[in-house]
Amino acid sequence: MRELMYLFPLALGLFVFSSCSKCKDCSCTQTISQTGVGDFTQSVEFTDVCDEDLDAIEGTTTFTQGVPGFEQSVVQSCECK
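Residues numbered from 1 in each chain as written. Predicted model: local features only at pLDDT ≥ 70, side-chain atom pairs only at ≥ 80, totals over all residues. Heavy atoms only, no water.

Undergrad: Residue-level account of the state of the cysteines, with values.
TA: If you walk through the whole model with that rule in mind, you get 3 disulfides. Two residues share a disulfide in this structure: Cys23 and Cys50, whose sulfurs sit 1.9 Å from each other. Measuring handedness by torsion sign, the sulfur bridge of Cys23 and Cys50 sits at about 105 degrees and is right-handed. Highlighted residues: Cys23 in strand β1 (residues 23-34) and Cys50 in strand β2 (residues 37-50), separated in sequence by 27 residues. A sulfur-sulfur separation of 2.1 Å characterises the disulfide bridge that pairs Cys28 with Cys78. The S-S bond linking Cys28 to Cys78 shows a torsion near 115 degrees; that makes this disulfide right-handed. With Cys28 in strand β1 and Cys78 in strand β4 (residues 70-80), the pair connects residues that are 50 residues apart, well separated along the chain. Grouping residues by exposure puts Cys28 and Cys78 together as buried. Each bonded cysteine of the protein chain gets a number by its place in the sequence, and the pairs then read 1-4, 2-6, 3-5. (Disulfide = S-S within 2.5 Å. Helix = DSSP H or I, 4+ residues; strand = E, 2+ residues; numbered from the N terminus. Buried < 20%, exposed > 50% of the residue type's maximum accessible area, 1.4 Å probe, protein only.)

This is the structure:
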């Protein structure tokens, strides 16, 4: 029983620590390429990006969309610290 009394504060501390939000500041660069137009690059900074949003934004994402005769490609790279 006495051992349980020592383990409870430790378990509570681990639970509180693991449930804390993980937030970072992110620096992102986005390059947009379109048919017939030169590439356009823009940079943006985000502060305090947390949890699911952080997972979604961090790294490199590429997507392409288009219709006949026109295509657009977007490459976004984000580094979070």
